[in-house]
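# Topology and contacts: notes
If you want the building blocks of each chain, they are given just below.
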Amino acid sequence: MSAPDLDVFLTPAGLAEDALHGRAVVVVDVLRASTTIVAALENGARAVIPVADKGEAGRLAASLDADVSLLGGERGGERIPGYQAGNSPLEYTPEAVAGRTVVLTTTNGTAAMAQARSAAALAVGAFTNADAAAGFLRRALDDGRPAAVLCAGSEGRVSLEDTLCAGLLVARVVGAEAAAGLSDSVQIASALYRGSESRLARTILGARHTQRLVALGHADDVAFAARIDASDALPVFRDRRFVLEAR
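The notes below deal with the structure included here. (Residues numbered from 1 in each chain as written. Predicted model: local features only at pLDDT ≥ 70, side-chain atom pairs only at ≥ 80, totals over all residues. Heavy atoms only, no water.)

## Digging into the packing of helix H5 (residues 130-142) against helix H6 (residues 160-173)
H6 packs onto H5 with a crossing angle of 55° between their chain directions and a minimal axis gap of 9 Å. It follows that H5 is oblique to H6 by the angle criterion. Between H5 and H6 the crossing geometry is right-handed. For the pair formed by H5 and H6, the contact residues are Ala-130, Asp-131, Ala-133, Ala-134, Leu-137, Arg-138 and Leu-141 on the first element and Leu-168, Leu-169, Arg-172 and Val-173 on the second. Looking at the contact of H5 with H6 residue by residue, the class counts come to 8 nonpolar, no polar and 3 charged. (Axes fitted to C-alpha atoms, helices over the stretch in contact; angles between N-to-C directions. Helix = DSSP H or I, 4+ residues; strand = E, 2+ residues; numbered from the N terminus. Parallel < 35°, antiparallel > 145°, perpendicular 65-115°, else oblique. Left-handed = near helix turned anticlockwise from the far one by under 90°. Contact = heavy atoms within 4.5 Å. Nonpolar A, V, L, I, M, F, W, Y, C, P; charged D, E, K, R; others polar.)

Right, dumping it as C-alpha cells:
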C-alpha cells in the first residue's frame, strides 16, 4: 500500500507559491484565529472573511451593511482600536454574530489563510474541532487527493500549540505508524503530540504565545482553545470566505 500523501507545514514562512496547489489544506492557528472562526460559525455567523491586511479589512467592512457585519481583529494579541471585536473566541457569541458576516484580520492566522488560497480545498482546524478537521483531511486522502496541515505559527516562527494540533490531526488521520514514513515535519508534529498527549494542557501552557496571551489577560481564551473536540463545526472556504460545511 502506498504511503498517504499527507504533509505538515510548521510555518508559512518561506512557503513556495505552489506548495499547496492541488492539496486539501487545513490551516491551524490555535491561539486564536482558527478557534475564533470555529466559534463564530458555530454561534450563527453567516460567514467569516479572513483578511491579512488591516487597511483591506477596514475597506471591506465599510462596503458591507453595518447591520449584518462585524469587524474583528488584533495585532500583538490586542484588539485593533476602533474594531467591534478582537480575536477572542469568547467575544463571538450568538448575540454578537448570529446572522452576521465577520471580517477578521489577525497577526498570524488570517495571513496564513491568505497564503493557502491556492489550495484545491481549504478548511480551518483547531483543537476544538479536531475530529471535523481530521475528517476533512481523511476524505481527501480517501479520494486520492494530497492533503496538508498548514500551521500559522507566531510571527514567522514555529509555534508549539499549532504543531501539537497538527500532530493530533496526523494521529487522527493516519496514525503514528504511517506518520513515521512521511516527511520530517509530519514526524516532528506526530512525535511532539504523542510525547505530550497525557499532559497536553500543561504543554500548551508552556508555549511562548500562550504565556504572552496570559500576560495580556487572555487566559480564558487559552482554556477555551485547548478543549479537544468541543465542536463539530468545520469552516470551509467558499467564495473568499469561510462558511460552515454543508451536512
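Having seen it, we continue.
## Side note on helix H10 (residues 208-215)
When H10 is considered as a whole, its buried residues turn out to be His-209, Thr-210 and Leu-213. Looking straight down H10, one finds its buried side chains confined to an arc of 105°; they lie on one side. Here the buried face of H10 lies against H6, helix H9 (200-205) and helix H11 (219-225). (Buried < 20%, exposed > 50% of the residue type's maximum accessible area, 1.4 Å probe, protein only. Arc of directions from axis to C-beta.)

## Observations concerning empty space enclosed by the protein
Leftover empty space is mapped by rolling, across the atoms, a probe with the size of a water molecule. Under the definition given, this model contains 1 cavity of 30 Å³ or more. Volume-wise, the largest cavity comes out at about 100 Å³. For the largest cavity, the lining is made up of 16 residues, of which Glu-74, Gly-77, Thr-107, Asn-108 and His-209 are closest to its centre. Considering every element that reaches the lining of the largest cavity, the biggest residue donor is H10, with 3 residues. When grouped by side-chain class, the residues that make up the lining of the largest cavity number 3 nonpolar, 8 polar and 5 charged. (1 Å grid on protein atoms, 1.4 Å probe; cavity = no way out; pocket = protein on both sides within 12 Å on 5 of 7 lines; lining within 4 Å. Points joined across faces, edges and corners; volume = space filled by probe spheres on them.)

## Details of the pairing of strand E8 (residues 147-151)
Side-chain direction in a regular strand flips from residue to residue, so the side chains alternate between the two faces of the sheet. Among the 5 residues of E8, 5 are classified as buried, and the element is accordingly described as predominantly covered. Alternating positions in E8 separate into two faces, Ala-147, Val-149 and Cys-151 on one and Ala-148 and Leu-150 on the other, with burial throughout. One ladder, built from 4 bridges, connects strand E1 (residues 6-9) with E8; its direction is parallel. Bridging from a neighbouring strand, Phe-9 pairs with Leu-150 of E8. (Pairing = 2+ DSSP bridges.)

## Describing the packing of H6 against helix H8 (residues 184-196)
It is the contact of H6 with H8, at a shortest axis distance of 7 Å, that shows an interaxial angle of 95°. With respect to each other, H6 and H8 are oriented roughly perpendicular. Residues Leu-160, Thr-163, Leu-164, Ala-166, Gly-167, Leu-168, Val-170 and Ala-171 of H6 pack against Val-186, Ala-189, Ser-190, Leu-192, Tyr-193 and Ser-196 of H8. Of the residues in the contact of H6 with H8, the class split is 10 nonpolar, 4 polar and no charged.

## As for the pairing of strand E2 (residues 24-28)
The buried count for E2 comes to 5 of 5 residues, which makes it a mostly enclosed element. Burial along E2 is two-sided: the face carrying Ala-24, Val-26 and Val-28 and the face carrying Val-25 and Val-27 are both buried. Note: E2 against strand E7 (residues 121-125), 5 bridges, orientation parallel. Bridged to Ala-24 within E7 is Ala-121.

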